[in-house]
Amino acid sequence: MESYPYDAHLHDNIMGCISEEFTPLGYEATEVNATFLKIGVGMLIKTTDKKYSFAERYPIQNAGKWTIKTAKSQVIFTHELTDEAGYGYLYTKTVKLTKGKPEMILAHRLKNTGRKMIETSVYNHNFFMIDNEPTGPNIKTRFPFEVTAEGKNWGTIAQTNKNAIHYTRTLAPGEFVYSDGLKGFGNTPKDYDIFIQNLKTGAGVRITCDKPLNKLVYWACPTTACPEPYTKVSAQPNEEVTWEIKYTFVVDR
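Report on the accompanying structure. These numbers were taken from a predicted model, which means no experiment stands behind them.

### Some thoughts on the sheet that holds strand β2 (residues 35-38)
Taken together, three strands build an open sheet; the order of strands is β2-β3-β4 and the sheet is antiparallel. Looking at the sheet topology across the chains shown, the edges are occupied by β2 and β4 (60-62). In this sheet, adjacent strand axes meet at a mean angle of 45° when their direction is disregarded. Note: strand β3 (residues 42-45) against β4, two bridges, orientation antiparallel.

See below:
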């Protein structure tokens, strides 16, 4: 297998199916060469007056401090940042397995320790590939609401039918499906209930959260089909907020 050098500053140099990303704070109001905040990364330098892009390399001025603790059934990631611009926070993400259940929990805690309001959103890429099945008719994603979508290759390769997304054929190399916002969900946590399944083997994963959906992006390529649910995160100075995402792994024929 060909290997590539690791580059922590490359936007897609990530590992695992549960990679999360926060949207930036204050980017549009920031002058070029000044800083803006991205939780989990730190204070970044705005190098251009172009619209923010997650794929752009923005130099890190203040990376804060990361701490990682491991135990038998969990890993705790802590990021602490204080900055002269007025932002500050203590962010903890715990990835843990539930004893005796096919279940994984992502528990999040964010305390605003700065002077400025924190208002952002966070989403999960959900890079699942179940039993090595390529994206096609054997991959189905279901929701508790009637879903609609517009975007790249919708209505041709990918289609919505009531509460589900399915495929008319297998995606070819280089093809992808994308929608920047699935429609149909409400403003309660009950609609944050996503089930991705390999219809050939019956294996699947159910994704739920104790917070409502703020946005729901969908992206797929030949190797993975990814519902990307966004959660709104707001914290006043000295306020602490929490949210939890649960992954339940099942075999349902």
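### Describing the pattern of salt bridges
Scanning the model with the defined rule gives nine salt bridges in all. The salt bridge partner of K38 is E21, with a shortest N-O separation of 2.6 Å. Note that K38 is positioned in strand β2 and E21 in strand β1 (residues 20-22), a separation of 17 residues in sequence. Each member of the pair, K38 as well as E21, carries the same accessibility label: buried. Between R169 and E175 there is a salt bridge, with the nearest N and O atoms lying 2.9 Å from each other. Since its relative accessible area comes to 22%, E175 is described here as partly exposed.

### Focus: unusual backbone geometry
Phi is positive for N33, close to 80°, though the residue is something other than glycine. Mapped onto the elements of the fold, N33 is located in the loop between β1 and β2. Using a relative accessible area of 63% as the deciding quantity, one classes N33 as exposed. With a phi angle near 65°, N153 is a residue other than glycine that sits in the positive phi range. Tracing the sequence through the fold places N153 in the loop between β10 (139-142) and β11 (158-161).

### A closer look at the packing of aromatic side chains
Within this structure, the stated rule accounts for 14 aromatic pairs. For the pair Y123 and Y230, a centre-to-centre distance of 4.6 Å together with 20° between the ring planes defines the contact as stacked. Highlighted residues: Y123 in strand β9 (residues 118-124) and Y230 in strand β17 (residues 224-235), separated in sequence by 107 residues. Y123 gets classed as buried once you look at its relative accessible area, which sits at 7%. Since its relative accessible area comes to 12%, Y230 is described here as buried. Judged by centre distance (6.4 Å) and plane angle (80°), the ring pair of F127 and W219 falls under edge-to-face. Of this pair, F127 sits in the loop between β9 and β10 while W219 sits in strand β16 (residues 215-221), placing them 92 residues apart in sequence. For W219, a relative accessible area of 26% gives the class partly exposed. Three or more aromatic residues joined by ring pairs make a cluster, and in this case those are Y27, F36, Y52 and Y58. One Lys or Arg, K46, reaches over the ring of Y27 and ends 4.4 Å from the middle of that ring. Directly above the ring of Y230 sits K215, whose terminal nitrogen or CZ lies 5.3 Å from the centroid.

Definitions and cut-offs
- Residues numbered from 1 in each chain as written.
- Predicted model: local features only at pLDDT ≥ 70, side-chain atom pairs only at ≥ 80, totals over all residues.
- Heavy atoms only, no water.
- Pairing = 2+ DSSP bridges.
- Helix = DSSP H or I, 4+ residues; strand = E, 2+ residues; numbered from the N terminus.
- Axes fitted to C-alpha atoms, helices over the stretch in contact; angles between N-to-C directions.
- Salt bridge = Lys/Arg side-chain N within 4 Å of Asp/Glu carboxyl O.
- Buried < 20%, exposed > 50% of the residue type's maximum accessible area, 1.4 Å probe, protein only.
- Phe/Tyr/Trp six-rings, centres within 6.5 Å; stacked < 30°, edge-to-face > 60°.
- Lys NZ or Arg CZ within 6 Å of the ring centre and 35° of its normal.

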